[in-house]
Amino acid sequence: MEREVRVRFAPSPTGPLHIGGVRTALYNYLLARKLGGKMLLRIEDTDQNRFVPGAEQYIMDALRWCGIEIDEGIEQGGPHAPYRQSERKPMYRQYADQLITDGYAYYAFDTPEELDAMRARLTAAKVPNPQYNSITRAQMRNSLTLPAEEVAQLLADNIPYVIRLKVPRKEEVRFQDLIRGWVVVHSSAIDDKVLMKSDGMPTYHLANIVDDHLMEITHVIRGEEWLPSAPLHVLLYRYLGWESTMPQFAHLPLLLKPDGTGKLSKRDGDKLGFPVFPLEFHGTDAQTGEPTVSSGYREAGYLPDAFINFLAFLGWNPGTTQELFTMEELIENFSIERVSKSPARFDQNKVRWFNEQYLRAKPDAELARYLMDDLTAQGLTVDAAKAEQIAALVKERATFPADLAREAQLFFQRPSNYDEQVISKKWNPQVAAALTEFADQLPTLNDASPEGIKARLTEVLEAQGVKIGQVLQALRVAVTGQAAGPDLMHIMHILGAQETAARIKAAVAALPA
Ligand code: GLU
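In this text the structure is predicted, and so the values were computed from the model without any measurement.

It is worth spelling out the site of the ligand at this point. Near the ligand you find Arg-8, Ala-10, Ser-12, Glu-44, Tyr-204, Asn-208, Arg-222 and Trp-226, and these make up its full shell. A distance of 2.7 Å separates an oxygen atom of the ligand from a polar side-chain atom of Arg-8. Here a nitrogen atom of the ligand and a side-chain polar atom of Ser-12 are 3.0 Å apart. Coverage of the ligand by the protein amounts to 85% of the 300 Å² it exposes when considered alone.

In spatial order, the strands read β3-β4-β7; together these three strands make up an open sheet with antiparallel pairing. The two strands at the open ends of the sheet, each matched to only one other strand, are β3 (105–108) and β7 (194–196). Strand after strand, the sheet turns through a mean of 45° between neighbouring axes, direction not considered. Where strand β4 (residues 162–165) lies against β7, two bridges are found, and the strand directions are antiparallel. Counted as the bridge partner of Ile-163 is Met-196 from β7.

Mapped onto the elements, Leu-314 comes out in the loop between α9 (304–312) and α10 (327–333). What makes Leu-314 buried here is its relative accessible area of 5%. Counting along the chain gives 32 residues from Leu-314 to Phe-346, while the straight-line C-alpha distance between them is 7.3 Å. Once residues lying within four places of it in the same chain are set aside, the contact partners of Leu-314 are Arg-23, Tyr-27, Leu-255, Ala-344, Arg-345 and Phe-346.

Attention shifts here to the nonpolar core. If you look at the biggest cluster of nonpolar residues, it comprises 111 residues, and the most contacted ones within it are Ile-68 and Trp-427. If you tally residues by element for this core, the top one is helix α1 (residues 19–34), at nine residues. Leaving out residues up to four positions away in the same chain, Ile-68 has contacts with Val-22, Ala-25, Leu-26, Tyr-29, Met-39, Leu-63, Ile-308 and Met-327. In this structure, Tyr-83, Ala-207, Leu-227 and Val-234 belong to the second largest nonpolar core, which totals 41 residues.

The rules behind each value
- Residues numbered from 1 in each chain as written.
- Predicted model: local features only at pLDDT ≥ 70, side-chain atom pairs only at ≥ 80, totals over all residues.
- Heavy atoms only, no water.
- Near = heavy atom within 4 Å.
- Polar contact = N/O pair within 3.5 Å; in protein donor to acceptor, adjacent residues only side chain to side chain.
- Areas by Shrake-Rupley, 256 points an atom, 1.4 Å probe, with all protein chains shown as cover.
- Pairing = 2+ DSSP bridges.
- Helix = DSSP H or I, 4+ residues; strand = E, 2+ residues; numbered from the N terminus.
- Axes fitted to C-alpha atoms, helices over the stretch in contact; angles between N-to-C directions.
- Buried < 20%, exposed > 50% of the residue type's maximum accessible area, 1.4 Å probe, protein only.
- Contact = heavy atoms within 4.5 Å.
- Core = buried A, V, L, I, M, F, W, Y, C linked by side-chain atoms within 4.5 Å.

And the structure:
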């Protein structure tokens, strides 16, 4: 029988979730949904020194905001609960013991000073990468070098020790990565990783493999930074006797800075003015203890669908020219085969572009609600019908919901100054006279639609012998104060004939012709 597809997102709660982590979660989710499988959220908190309060809740809130649904996890529960590794602590020890019994792991009693001395010795001997491995372990204090009675005594005396994996000296470790193809690593490049720490906590490596096995994970989809650990994980599956159900690996491409010069970091975001986290995060500076705030896409006005669509394309493409995908469409079209090996470059213009597309595609009534909320917060009142008209007009100039209210200001304030460039070039007695005549006629208009206003303007200008091209910019500045903006006929229509006329007259009075 085919195994049910089961994937997991396994973050460590060491801080807010970076957008690279959100992408990893997304690709896991897309694959699970596409193949009718399960998506797990496992919190990997065995490294208590790096634990950051609030990070776990942040991860769950961020996934929820993105629309990434979890089937089994610390909130949802599930057949393999608990899903937080610190609560699974008693489950790991037996596997480390099994590895020792089978000759694949050993006790190491070296003190921190002894480890430092080893590294210093190897560095002095010009060994490029000093490690505890198949060669150096012979000089250290472990259950492979010490007599059995001494080991037994040390254990009986509760002398602190770690359990290390006994990595073979000369062996090729190979596995097939779904994105990278065959990966072959020589075991001499792998050190004897610690599996159990002296405090009895498993390390990431042991806990990760044990849990993936117990939780029946079929695909491990994670960032490229974990690729160097994969051969070690393959050895662990083999030594634990679990090779036949070992998950398939897929290591996702790195996310690079916008200029392509290295991994995207929090600092790049701060420097270039874009968030690298989905939600704002309130933390404390590790050095100074001062409170810190890291900006988030949600608070910056990004819509979750746009953010997700953008992230999906950082490393994957559908093989067509279609760029806009709902979550359902992403699920339908996603495949690991179309994930790229080469790194993806972060593009802040592209994420803005996606947001614009999603914002402008929303029904005007929904945009009107954003607008009304923001205007109400500013103490301005507007009815729903008017808000909808304004939203429909100004949305072409908006990237974020907050831009709607900013663009709408002209409807609520008469201009207090007038664009100087336009005035110096376009304002003259003839224009002022023509606009005065237009203003006089406006209140008599039967049809104050944009078309009706345009028709009357054309008539007046013809009678005055002025070309429309000569007055249009001056008229815009008279009505709005600004040289550019949404369609002028629509602006005048929304303002209404009375208000438009009053604004033109105020401009004529204020501006010396
Ligand atoms: N806890 C690891 C992390 O923080 C998980 C890596 C993996 O998916 O195996 O990314």
